[in-house]
Amino acid sequence: MSDDAVADATLLRAVTSRAPRALEELYDRFSRRAYSLARRVCVDEALAEDVVQEVFLLVWRHPERYDPARGSVSAWLMTMVHHRAVDAVRREATRRRHTVPPGEEGDEWNLPSGPGADEAALDAVVAGHVREALAALPAEQREALTLAYFGGFTQREVASIAGIPLGTVKSRMFTAVRTLRGLLEGHVDRGGEEGPS
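As the structure is a prediction and not an experimental result, all values here were calculated from the model.

## Observations regarding the packing of aromatic side chains
In total, this model carries two aromatic pairs according to the counting rule given. Ring centres of Tyr 66 and Trp 76 lie 5.5 Å apart, and the angle between their planes is 55°; on these two criteria the pair is classed as tilted. Here Trp 76 lies in helix H4 (residues 73-99) and Tyr 66 lies in the loop between helix H3 (45-61) and H4, a separation of ten residues in the sequence. When sorted by exposure, Tyr 66 lands in the same class as Trp 76, which is buried.

In structure tokens form, the structure reads like this:
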């Protein structure tokens, strides 16, 4: 574990024990990175700021949700930011769909058709297989993949967040992807559909 990762874990323990200024220090340490990621996902500055506030409020209320076996504090925070940002974008899109007036002269405002219930169910099954496969990876490989694919970070940024050399990130990601392919073979075909079990 890098010195930064140890310091982050110590700081989160201080938040858990409600030490004075601990959350403020954690915020100072991660808010810029968190906002940068939220801004990339949300585009809208105000929405990104709301996401960051929501994540740090969640950290204050439930710091015990952090599981060191699943990765670093940094990866945990950035994954939460990514998930909350995606949720915020979806909520905003739904809100806009319900508030946009119909077109002039009685034209109907048509939404593009989404996937049917069968496709949604199939997607959920595939997502379940992927989650199970990710959970089977060693923590350091899962962390690298989570930051890159779900967090939207470059390999160089993953190296900086995790406090490890770039070559180590590349190696972990290569090994993780190869392992995932093996674990998912027979469950998910190249077209993303459920295969024979």
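## Observations concerning the packing of helix H2 (residues 22-42) against H3
Close contact between H2 and H3 brings their axes to 8 Å; oriented N to C, the two are set at 140°. In terms of axis orientation, H2 runs oblique to H3. In the packing of H2 onto H3, the handedness of the crossing is right-handed. Contacts from Leu 23, Leu 26, Tyr 27, Phe 30, Ser 31, Ala 34, Tyr 35, Ala 38, Arg 39 and Cys 42 of H2 reach H3 at Glu 45, Leu 47, Ala 48, Glu 49, Val 51, Val 52, Phe 56, Val 59 and Trp 60. Counted by class, the contact of H2 with H3 contains 15 nonpolar, one polar and three charged residues.

## With respect to the confidence of the model for the protein
A residue-level look at the protein finds 78% of positions with pLDDT of 70 or above and a mean pLDDT of 80. Across the protein, H3 holds the top mean pLDDT of 93, while helix H5 (residues 117-136) sits lowest at 68. Scored below 50 in pLDDT, residues 105-109 shows four contacts in the model against residues more than four places distant or in partner chains. The model gives residues 190-197 a pLDDT under 50, and that stretch makes 15 contacts with residues more than four places away or in other chains.

## Some details on the nonpolar core
Within the largest apolar cluster, 47 residues are counted, with the highest numbers of intra-cluster contacts made by Leu 12, Leu 26, Val 51, Val 59, Leu 77 and Met 78. Taken together, the elements giving at least two residues each to this core come down to helix H1 (3-16), H2, H3, H4, H5, helix H6 (139-150), helix H7 (155-162) and helix H8 (166-184). In contact with Val 59, not counting residues within four places along its chain, are Leu 12, Val 15, Leu 23, Leu 26, Trp 76, Leu 77 and Met 80.

## Describing the layout of surface pockets
Here the largest pocket is characterised by a volume of approximately 770 Å³. In terms of lining residues, the largest pocket is bounded by 24 residues, among which Arg 70, Thr 79, His 83, Thr 146 and Phe 150 are the most central. Of all elements in the fold, only H4, H5 and H6 reach the threshold of two or more residues within the lining of the largest pocket. For the lining of the largest pocket, the element with the most residues is H4, which contributes nine residues. Partitioned by chemical class, the residues of the lining of the largest pocket number ten nonpolar, six polar and eight charged. Approximately 280 Å³ is the volume attributed to the second largest pocket. Lining the second largest pocket, in full, are Val 130, Leu 134, Leu 145, Tyr 149, Phe 150, Val 177, Leu 180, Arg 181, Leu 184 and Glu 185. For the lining of the second largest pocket, the element with the most residues is H8, which contributes four residues. The residue makeup of the lining of the second largest pocket, split by class, is eight nonpolar, no polar and two charged.

## Overview of the environment of Pro 63
In this structure, Pro 63 sits in the loop between H3 and H4. Residues Pro 63 and Val 15, 48 residues apart in the sequence, show an inter-C-alpha distance of 6.9 Å. With sequence-adjacent residues up to four places away left out, Pro 63 is seen in contact with Leu 12, Val 15, Thr 16, Arg 18, Leu 58 and Trp 76.

Conventions used here
Residues numbered from 1 in each chain as written. Predicted model: local features only at pLDDT ≥ 70, side-chain atom pairs only at ≥ 80, totals over all residues. Heavy atoms only, no water. Phe/Tyr/Trp six-rings, centres within 6.5 Å; stacked < 30°, edge-to-face > 60°. Helix = DSSP H or I, 4+ residues; strand = E, 2+ residues; numbered from the N terminus. Buried < 20%, exposed > 50% of the residue type's maximum accessible area, 1.4 Å probe, protein only. Axes fitted to C-alpha atoms, helices over the stretch in contact; angles between N-to-C directions. Parallel < 35°, antiparallel > 145°, perpendicular 65-115°, else oblique. Left-handed = near helix turned anticlockwise from the far one by under 90°. Contact = heavy atoms within 4.5 Å. Nonpolar A, V, L, I, M, F, W, Y, C, P; charged D, E, K, R; others polar. pLDDT = per-residue confidence, 0-100. Core = buried A, V, L, I, M, F, W, Y, C linked by side-chain atoms within 4.5 Å. 1 Å grid on protein atoms, 1.4 Å probe; cavity = no way out; pocket = protein on both sides within 12 Å on 5 of 7 lines; lining within 4 Å. Points joined across faces, edges and corners; volume = space filled by probe spheres on them.

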